[in-house]
Structures are given as C-alpha cells and as structure tokens.
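Chain and residue survey
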Amino acid sequence: MQPTIEILSVDLLDQHRPLVEDLRRLAKGLGLEFGWHYLLDLTWILSRLGEVRGKRIMDAGAGVGVMQWYLAEQGATVYSVDRGSRSDLSPRFRGRYRVRGLRPEDLRPTGAVTLDLLRRGRIKEAGRGILSMASGALGGKDPGEVLVYNQNLMALEDIPDGTLDAVVAVSALEHNPPEDLPLVVAEMTRVLKPGGVLLATLGAAREADWFHEASRGWCYTADSLRRLFDLPADTPDNYDRYDELFEKLKHNAELRDNLAGFYFKSGDNGMPWGKWEPQYQPVGICRPQ
Ligand SMILES: C[S@@+](CC[C@H](N)C(=O)[O-])C[C@H]1O[C@@H](n2cnc3c(N)ncnc32)[C@H](O)[C@@H]1O
C-alpha cells in the first residue's frame, strides 16, 4: 500500500454500493445515524482495509460509531478508543457483540448498567440488557470482539508497541489542534505492527488550515497533512481536483436527502440546523507503517 492523501469523491457511493447498503442496514439495526459525510469516510477506509477477519484493529476516536461494530461483525478484534467514556455502553450493543473493557474500569458490568436503566424507568433498554446477559450465557454472538478503551489517543499506554494490524479513524482526528496532532499520529504509529496501516479521514482545506467552529474540527491543506502525519514529501494528493470534487459533493442528492435527524436540532454541528450547505469536504490519509 502506498501513502496517499485523497479528497473523498461522492463517486465512492456508486463504486461500493453493496458496502454502502450493508453500512446503512447495520446503522439502522443499531439505531445509529451517520454524520453527513460518514458514508464516504467509512467506504473509503473499508475499501482500502481489505480482509479484517482475525486482525487487531484500532478504531481511533470511535465513540459508539458504526465502524467498530462493522469490523467486529467481520471478525476483527477492535480496540475502540475514545477520550469520551463509553463505560455505560448501551445494552443494545452489548446484546449483539462481544464487548469487554480493555481495563476493568473501561466498561461497567451489564448487570449494573441494566439496573440503573430499570431505576430510571427505561424499561425497553433494560430489557435489552437482560437479553444481552442471557445471550452471553448462551454464546452465539458474532465472532469479532470490541475492547472498549476510554483514553486519549496521545497516551495509549495499555497497548504495547507493534501489536495492531491497522488503525482507522473516522472523522475524529480533526478534533485535535495542529500542535497536538503529531503526538496523536506518533502514538497511533507506535502501536502498529511493521506492515500495518493507518487510514484516517479528516477535513480538507483548499489554501490554509482553518477551524470549522460549528463542528469544532480543523480542516487541513495537503501540505499540512504531509507534515502532521509525517508522510514522505512526494506523497501524492488530489487537491488539484478540490473545486470539482466539492461541486459534486454540494450537489449530491443521496447525501443531501438523507441528512441525520440530529442536524436539524442545533446549529452546533457539521451541518448547522440541517441546512444542506457543506462547508468543507472529507479527505482520507493512508499511511503505511
Ligand atoms: C465526530 S466524533 C466521530 C466518532 C466516530 N468515529 C463515528 O464514526 O461516529 C469524533 C470522536 O473522536 C474522539 N477524539 C478526537 N480526538 C481524540 C483524542 N485525542 N483521543 C481520544 N478521542 C478523541 C472524540 O472524543 C469523539 O468521540
């Protein structure tokens, strides 16, 4: 695999239609919605990742997002890392996947979480917790596993050097300022095996790096990405197609007409108040170890 910086074209949706439909089905089944460009990010990363069965893969800045569940379903062992705690992870995920805390404190026992849900009157969710515990006792979950690690990507001290086959990051690393990003990249690189790969998506900037206030994310030029990700100076990029790709994105009916419900509820997000008006476009980084 060669290092690359690639602004993500909306053509990815048609080029990988079966994968896109699988991702949509999975998200729907889990009650998750996609960020406005996430189908592009997920498709680009997964189409480059290849076979994941039996591999150890970190989902960096995972939240409770679709990537980790998709990888687990395909038989990977997923290190789900986020500085936001998932220790009270909903039973709807625990019922379907084998989930563990990397450390005991990373995931509260399903029984304790279920009891809290019952106390708060969230009967349906608590019911899922009870079912999850029963299915755990009976076996029969997917082959993969998700290891929850509530930790900053700058300090992955519980993961030894050279242990992972891949690190993927879906629209997460742009939430780190330029002065911190090299530390994050260095730490993700440390835990990769020789021959492993880092595949990450962030926001692209045409002329100068800038901060998108509403989504609290940085957008970077190709030169900045080469420097921040410590990529070879001759790493190719497609920023010469910036305007053309942006026009196509702005006019893409599939993404526009399927905007997630949460965008319509606030102005504090990547698509303020649900008005389809992309202000940046996603870019993928491929960095082989
Ligand atoms: C926009 S969300 C995307 C979540 C997920 N990747 C998805 O597809 O839904 C970005 C996430 O990255 C996490 N994140 C960003 N920088 C991080 C860091 N340095 N350490 C740990 N988590 C980080 C944030 O906490 C947040 O949950």
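Scoring rules and cut-offs
- Residues numbered from 1 in each chain as written.
- Predicted model: local features only at pLDDT ≥ 70, side-chain atom pairs only at ≥ 80, totals over all residues.
- Helix = DSSP H or I, 4+ residues; strand = E, 2+ residues; numbered from the N terminus.
- Rg over C-alpha atoms; globule rule 2.2 N^0.38 Å.
- Contact = placed C-beta atoms within 7 Å.
- Domains from an automatic or database assignment.
- Nonpolar A, V, L, I, M, F, W, Y, C, P; charged D, E, K, R; others polar.
- Core = buried A, V, L, I, M, F, W, Y, C linked by C-beta atoms within 7 Å.
- Buried ≥ 20, exposed ≤ 12 C-beta atoms within 10 Å, placed from the backbone.
- Pairing = 2+ DSSP bridges.
- Near = placed C-beta within 6 Å.
- Axes fitted to C-alpha atoms, helices over the stretch in contact; angles between N-to-C directions.
- Parallel < 35°, antiparallel > 145°, perpendicular 65-115°, else oblique.
- Left-handed = near helix turned anticlockwise from the far one by under 90°.

What follows is about the overall build of the protein chain. Each helix and strand in the protein chain was counted, giving 11 helices and 10 strands. For the protein chain, whose C-alpha radius of gyration is 19 Å, the value lies close to the compact-globule estimate of 19 Å for 289 residues. Each of the three principal axes of the protein chain carries a C-alpha extent, and together these read 55 × 45 × 35 Å. Long-range contacts, defined as pairs at least 24 residues apart, comprise 73% of the intrachain contacts of the protein chain with a sequence gap of at least 6.

With that out of the way, let us pick up the domain arrangement of the protein chain. Each domain of the protein chain was delimited in the assignment, giving domain 1 (4–83 + 151–288) and domain 2 (88–149). One C-alpha centre belongs to domain 1, the other to domain 2, and the line joining them spans 27 Å. Taken together, the contact between domain 1 and domain 2 spans 18 residues of the former and 13 residues of the latter. Its residues placed into classes, the side of domain 1 that touches domain 2 shows nine nonpolar, seven polar and two charged.

With that out of the way, let us pick up unusual backbone geometry. Most peptide bonds adopt trans geometry, and most residues besides glycine take a negative phi value. Positioned with a positive phi, Ser 171 is a non-glycine residue whose angle comes to about 50 degrees. Tracing the chain through its elements places Ser 171 in the loop between strand 6 (164–169) and helix 8 (181–190). Residue Trp 273 is not a glycine yet carries a positive backbone phi of 55 degrees.

Moving on, we get to the nonpolar core. Counting 80 residues, the largest nonpolar core has Leu 42, Ile 57, Ala 60, Val 167, Val 168 and Met 188 as its most contacted members. Excluding anything up to four places from it in sequence, Val 167 contacts Met 58, Ala 60, Met 188, Leu 192 and Leu 198.

This part covers the pairing of strand 10 (residues 281–288). Across the eight residues of strand 10, seven count as buried, placing the element largely inside the fold. Bridge analysis of strand 1 (residues 4–7) against strand 10 gives four bridges, and the strand direction is antiparallel. Bridge pairing in strand 10 places Thr 4 opposite Cys 286. As defined by bridge partners, strand 7 (residues 192–204) adjoins strand 10 across eight bridges and the pair is classed as antiparallel. Bridge pairing links Leu 198 to Arg 287 in strand 10.

Now for the site of the ligand. Neighbouring the ligand are 18 residues; Gly 61, Gly 63, Gly 65, Arg 83 and Ala 172 lie closest to it. Taken together, the residues that form the shell around the ligand break down as eight nonpolar, eight polar and two charged.

What follows concerns the environment of Asp 243. By the secondary structure assignment, Asp 243 is in helix 10 (residues 242–250). Counting along the chain gives 90 residues from Asp 243 to Leu 153, while the straight-line C-alpha distance between them is 33 Å.

With respect to the element layout, Arg 25 can be found in helix 2 (residues 17–30). Each C-alpha atom, one on Arg 25 and one on Asn 176, is 31 Å from the other, the two residues being 151 residues apart in sequence.

One ladder, built from two bridges, connects strand 7 with strand 9 (residues 217–220); its direction is parallel. Residue Ala 204 lies in a different strand from strand 9, and its bridge partner there is Tyr 220. Pairing of strand 8 (residues 210–212) with strand 9, which is carried by three bridges, proceeds in the antiparallel orientation. In the sheet register, His 212 faces strand 9, and the bridge partner there is Gly 217.

With that settled, the discussion passes to the packing of helix 2 against helix 4 (residues 66–73). Remark: helix 2 packs on helix 4, axes separated minimally by 10 Å, with the N-to-C direction vectors making an angle of 110 degrees. By the angle between their axes, helix 2 is roughly perpendicular relative to helix 4. Residues Leu 23, Leu 26, Ala 27 and Leu 30 of helix 2 lie in contact with helix 4, whose contacting residues are Val 66, Trp 69 and Tyr 70. Tallied by class, the residues present in the contact of helix 2 with helix 4 amount to seven nonpolar, no polar and no charged.

This paragraph deals with the environment of Met 133. Structurally, Met 133 is set in helix 7 (residues 123–138). As for Met 133 and Gly 95, which are separated by 38 residues in sequence, their C-alpha atoms are 7.3 Å apart. In this structure, Met 133 is in contact with Thr 110 and Gly 111, ignoring residues within four places of it in sequence.

To continue, consider the packing of helix 2 against helix 3 (residues 38–49). Angle between the axes and distance between the axes: these two values describe a pair of packed helices. Between helix 2 and helix 3, the least distance of the axes is 10 Å, while the angle of their chain directions is 120 degrees. If you check the angle between helix 2 and helix 3, you find them oblique. Where helix 2 crosses over helix 3, the handedness of that crossing is right-handed. Residues Leu 19, Val 20 and Leu 23 of helix 2 touch helix 3, and the partners they reach there are Leu 39, Leu 42, Thr 43, Leu 46 and Ser 47. Across the contact of helix 2 with helix 3, the residue classes break down as six nonpolar, two polar and no charged.

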